[in-house]
Every structure is written in C-alpha cells, then in structure tokens.
Amino acid sequence: MIKKMLSHLFTKLKNVVIYVLTLRYIIDLYRWLKKVTVLKLIKGVAITFASLTLLSIVGLFALVHYPATQIPVYEKVDKTIYVNQGWGGTSQSVDRQRYYYTPQGTSLKGMEYDWFAQLEMPWGEKRFSDPDHLRAYGFIVDDRASPNNPYQLPVGFTQHYDQDSNAQLLDISCAACHTGQLNFKKDGTRYGVRIDGGQAMHAFTTMKIGHFVPTMIAAMISTYANPFKFDRFAKNVLKNDYNSHSKSALNHRFGHVIMNFLKQGYNDVNKGLYPLEEGFGRTDALTRIGNTVFGDNLADKNYHIATGPVNYPPVWNIWKFDWVQYGASVKQPMARNMGEALGVGAHISFTDNYGRALPKEQRFNSSVMPLQIHQIESTLQKLTEPKWPEDIFGKIDHPKADRGKALFNKHCVGCHGPFVASDMIKEIDAPLKSAKEPLWILKTLSIEEIGTDPNAAYNFINNRFDLSATGLSDEDIVQTVRPIFINQLKRLAGVLLKSEALVSILTNKNVTPEDFNYKTQWVEEHPEQISQLTKKFSNWQSNYSSIESLVDEISQFDGVDVQLDIKTSMVKSQLTAIDVALDQLNVNNLTVGESLNITGIIIREKYYKDNKFSVEKQACLDGYAALDLPQQLMSYKARPLAGVWATPPFLHNGSVPSIYQLLSPVTERDQSFIVGRREFDTTNLGYETTTLSNSGFKFNTLLSGNKNTGHEFRAGYVPYKKGNSPQYGVIGPELAPKERMELIEYLKIHQDSTENTAPTAQSCLGL
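Residues numbered from 1 in each chain as written. Predicted model: local features only at pLDDT ≥ 70, side-chain atom pairs only at ≥ 80, totals over all residues. Heavy atoms only, no water.

S.K.: Looking at this structure, I do not really get the pattern of salt bridges. What am I missing?
M.R.: When the charged atoms of two side chains with opposite charge come close together, those side chains can pair. Scanning all chains against the criterion turns up 34 salt bridges. The closest approach of N and O atoms between E125 and R232, which form a salt bridge, is 3.8 Å. One end of the pair, E125, is in the loop between α4 (113-118) and α5 (131-136); the other, R232, is in helix α7 (residues 227-238), and 107 residues separate them in sequence. A salt bridge links E278 to R288; the nearest nitrogen and oxygen atoms lie 2.9 Å apart. One end of the pair, E278, is in the loop between α8 (244-270) and β6 (282-283); the other, R288, is in helix α9 (residues 285-296), and 10 residues separate them in sequence. Ionic contacts of the salt-bridge type, sharing partners, join the residues E75, R190, R677 and E679 into one network. (Salt bridge = Lys/Arg side-chain N within 4 Å of Asp/Glu carboxyl O. Helix = DSSP H or I, 4+ residues; strand = E, 2+ residues; numbered from the N terminus.)

This is the structure:
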C-alpha cells in the first residue's frame, strides 16, 4: 500500500516538474520574440536559407564528383564491329533496331522521354544524356542517332505513350541489360565488338552515390531548384508550347517524379534492402522484381534483403530452351518476359489510392505491352550466338581446337548438351513448333552438386509474399492456376497416353477426380504395379524422358479396358496430387515464383480477354503454345555453351573473371578483381581485370552471394555414377594448363547444333 502511494506521489511530482519546465520554455520564447526586430528576423531567415542552400550545394557536389572513386576511366572506341549473329552488319538493320528500341511498357518512376533527353548535368549546361557521359557509366550507345532513337540514348532506352499520365514515358527494354560489347585494341585501333543478346556492363540498379541513378537524381534536383536551369529545361522540353501555364504544370510533374526517386532511394537505404553491392554487370533480379512488384505496390512486409546478385544472362537460343532463368523456373516465353517487364517498372494496379483492394474487374490492370513483347521475342528467335571474329581477335588454331573438342565431349557435354527433345515431348511442351524448331531439354544441378553460391537459389525458394491486399483469396488462386494444370494433363493424356476418352473428360476445366471411373477391378487388385507406374507418370514435369516408354509398358497388359483403367488411374492420381498442392497455397504466404506466376496469369488473361484475342492468337503470343507452369528447385541450370566465350564474367553470380579460371581449381581463382571495363582478354577468354586507375567495382568473392566456389575441375573427383553422394562442386578431374587452353580454343568455335534450326516466321498479329 505504501509502495503504491509513493509511486503515485512520484508521478504527480514528475508531472508538476514537466509542467513548470514547459511553462518556463514558453515564457523564455515569448521574451525572446519580444526582443526580436523585423530586421533580426529577416537576417535569421536569410542565414538559415543560405545555410540550407550551402548544404544542398555541398550535397550535390558530392553526388556528382564522388564517381571518381566508382566509375572506371572511360576509354573511347574508334570503331564498332557487329559480328555475324543473323541481324546484319550495321546498327541500322531492321532486326537490331527493333530489338533495341521496341518498348515493353516499363517506366523509370514516371520519367518522361523528353525529360531524360533534355536534362542537364548538375553543374553547367552539358546534357546528362550526352552519349560519352552515359558510356562512362557502362551503357552502350550507338554511334549515331536514328528515327527510333532521335536523341542517341543508350541501347534499350526507348519510349511508350502512357494513357494514365498522358505522356511519352522513358521505357527501358530488355536490350538495355541484354546487349554486350567486348573492346579490343589492334594495330592502334580500338574496336568495340558488339555482342547482341549478350551481357551488359553497367550498374543500372545501384543507388550507391556516384553511379547513374543517384547522379541523375542530383541533376533533376538541381534543375528543379535552379530557376535559370529549369527555365532552359522547360524551353527545351516544351518547345513551341512553352508558356507560364505549361511551365508551371511541368514543374509540378517534374517535382512529383523527383519525389518518387527520393522515396525509392530512402526506402532502399532505410530498410537496408541491398547490402551486397551488385556492381557492374549484375543485379539481384528476382529479389528486385519481388521488392518492386509486391513491396512497392503492396506492403512493406513483402520486402526482402537482396543477397543473391546474378549476371545478366545471354539471350540467344533461349527460344529453344525448355526452362529459362538461372534456376530453371519458367518455361513460357510470355511469362518470362512479363515478369522481367514488371521488375523493370511496368505499372500494375493492385489497390486503389488508399490501399484498398480494387473491384475484381479492375484488378491487375497493367502497362505491360504483350504485343510488343512478342515482337521482341520473335526478333530474338532470329538471333544466333556470336561467331569468333578472327580478323579482330586472332586466328583459330584448329588442331588445338580439335583436341579441345575431344575434352569438351568428355567433360562438358554431359551437363551442357544440348539435349534435343523428342517429337512427343515437343508436342506436349511446345505444340506449335515446327519440325525445324527444336526444343532443348536443359539439365539442372542441385546446389549440393554444382557447389556454386547458393544464395540466389535459396532466396527464390524461401522469400515469401503476402498478396491478400489485392483482394485475392485462396480460392481465386486455385481457380487461376488449376485450369493450366488441367490443360497440361489433357496434353499428356492425348500425346503420351494416347487416350481420347481421357482427353474428353479433361476438356472440362472443372473436372474432379470423381469424374474418372474404372471399367475393371484391375487397379484395386494390383496396388504395387499401379503404384510403380503412377510414380513414373508423376515425373512428367521434371523428367519427361523417363516416361516416354510408359505407353509401351501399359500395352503389355492384357485387355483394352485394363489398359484404359491403368491410364485413368495415373491421370486421376495426378489430378488428386495437383489439387492437394493447390490447396496448400496461401495468399498470405507465397514464394516469389508462385506470386509472379499468379500475377502474370491474371494480367495476361485479362489483357487477352479485354482485347478479344482468339484462343489461337493467345497460344501464339504465349510462345509456341507453351503453358505457364513454373517449378521451384534448389538448383541451377547448365545452359548450352555456344558463344560462351563472349559472356564474361562467369558463373551465375559473375564471380569468375575468365574461362581459364573456370576450368581451374578454386585455389587458382582470383579472390578479388576489378569489374567495370570491357577490355577483352582473348587468351583466357574474360575481361581484363587490371585497372587503369583504382576506379571500378572490386569484386570480393569471400562475401556470401559472391562466392566463386563450384564448377570445379580438381584432384579428388569421383566419376559420376547414379546414386553417388554429391561432390559439392567438384565436377571433373584436374585439367593440365595445356588442356585448359585446348578447351578454350575449342569454345571459341563451339556450336550447339549444326542443323538448320531457323524459326518459322511466327507472327501472331494476323490471327
């Protein structure tokens, strides 16, 4: 009781003290204000304003001049060479221009196309978009302007009209990150060898001071704050429409976009989303896509820490692959490309301005442009791997390459293939492909087998997202995804099992396991046999090759009805498994693969429905009628290696600077090296890692996410046998230096296939 009274008395005394002190401060402030004259007040405001202005100038100065420690010294190219890749030999070829400058519906925080072109550097009147200035950041800029690129902006910087903002927005297409260049000096001439579909060497996504985006923000702020600079900017942007009203409207819109950038920068730094620096030529693709699509647009709980940066992968021949992405997670071209567009900043309507779920019919409107994406994809189908330019990089030693080919067939082809799918598999996965349009099955290796840095694979499986704010329910998700699985089962029933009766039942998208009936008692009487057959059938998504003979096995059983019952049992069992898996999906707890899959399906089908596209046109736009069925594996794929010489640095995270080091034990690989220059090492096949100065990104392979382990040829290798324990990255025996160089010589000319695999001109626009 006494303790309670003392506590109460103490609280009273504390409140009295706070009251007295507060009153004292108010009285002191009142007395000070009485003494302040108008002159002193003006003087104080002026000093405060001057101080803030000085701080702003110092801040802008730091933003602009700090790059000296970040950006590599820019080395001008004397001549650009376009190697033979099927798109012609000039920058102005139709296919090259279409790939470089076709928009896909993305937006850089609302930045308008003309704004970016007319923006001045923070100091002086030089254009921020001056070609040499942007080349210094690592962007590739054509040698001259063109009708598709009137301001001579970097490759992949284009424009599209946005109905919501009624403006031509700056659109970043896939060419910005999937176009490469190798620089090489010969006989006093410095060549830039263009690698279309190759790997970019810029740091486009980083918010580290001194790089592209922070310096652009500094230029925008200085333009907004300096009335003379803004007036020049307004006149250049508005041209004949310049007047006080239009200038004021421009000022308002420009300020809003600046706030978008500042908000993003603050968000990234405040939440510590990107602690592992990506540097040049990399981005944490899937985490950034997840953070952009589901964090920025939905809820803070959807943000995840990015710890698995990856190289921009080359994109030639991807139209032949059964699975794409480093983790072999996506098989439909339209799904892959729409996910990329969303991650680069395409607008999507999840909620209204107050964060409330939209009505179902208005939900998931998007600025993604599927028709233009199809144009880009069709153009890429004509792109081949780059051919080694002997007149620039040196002649091929063919006897040496022949010895390298034997080593390749012994040590490499077992994983990298390519493995051409049978007609049956192609009819299931890509039924619109012609006889000359192959499907390549890519081999995937678990992270325990390949031994490379596991972060990218781990994050793909373990990062979770809550989509409930969109208004989606668990039942909505099932209704969205289930018809695609039913369609796949229908294809399996028709192509693999050759059963028109099962196809007929599966035509109903709402089919249930109870709709399948047996004609005999065989299934019930032979549980072990049916279990073995069903288990083999259940491997259809990851391992078609193991079930191609399934129908022949079934035909060994007596009686047409028994054979039909066996097939019925397998389909019924698989449908039950699908329903069990779908019932486990929770809108509050989805992986990044599940979230993007569901979002992509809804956007795509809404677009097709709104534009009244036929079923045939939809199948064509999707990419050879491929179905959007993702998979989630803790693994990385082994892609075919044609043109690999032109894609340094190596491994999915860019942690190995040359092919020579990739063929060497980890102990012989550089623990750190400088990234940022494009000088090509024609001997070891990689970028030169020696620097002209201390500028550039120092790649530290000791950091998690940057590990250079795995894919290792060294002593202690045990030849592969089925059932062996994983070797955690040891994939072959140690190669002598001479053997490594022979392999390198062969990789300069390696072709994945010598067959004519040119795609049929596939235009969906007339369907």
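This is not the end of the story, as more comes after the structure.
S.K.: How should the packing of helix α18 (residues 474-496) against helix α23 (residues 560-583) be read in this particular structure?
M.R.: What describes two packed helices is the angle between their axes and the distance between those same axes. Between α18 and α23, whose axes approach to 11 Å, the crossing angle comes to 160 degrees. The orientation of α18 with respect to α23, classified from their angle, is roughly antiparallel. Note that α18 runs across α23; the crossing there is right-handed. Packed against α18, whose contacting residues are V478, V481, R482, F485, I486 and L489, the element α23 presents V571, Q574, L575, I578, D579 and L582 at the interface. Class assignment for the residues of the contact of α18 with α23 results in nine nonpolar, one polar and two charged. (Axes fitted to C-alpha atoms, helices over the stretch in contact; angles between N-to-C directions. Parallel < 35°, antiparallel > 145°, perpendicular 65-115°, else oblique. Left-handed = near helix turned anticlockwise from the far one by under 90°. Contact = heavy atoms within 4.5 Å. Nonpolar A, V, L, I, M, F, W, Y, C, P; charged D, E, K, R; others polar.)

S.K.: Which parts of the structure should I look at to understand the packing of α9 against helix α10 (residues 333-344)?
M.R.: Close contact between α9 and α10 brings their axes to 8 Å; oriented N to C, the two are set at 70 degrees. One way to sum up the angle between α9 and α10 is to call them roughly perpendicular. In the crossing of α9 with α10, the sense of the turn from one axis to the other is left-handed. Contact with α9, carried on its side by I289, T292 and V293, involves G339, L342 and G343 of α10 and no other residues of that element. Tallied by class, residues from the contact of α9 with α10 come to three nonpolar, three polar and no charged.

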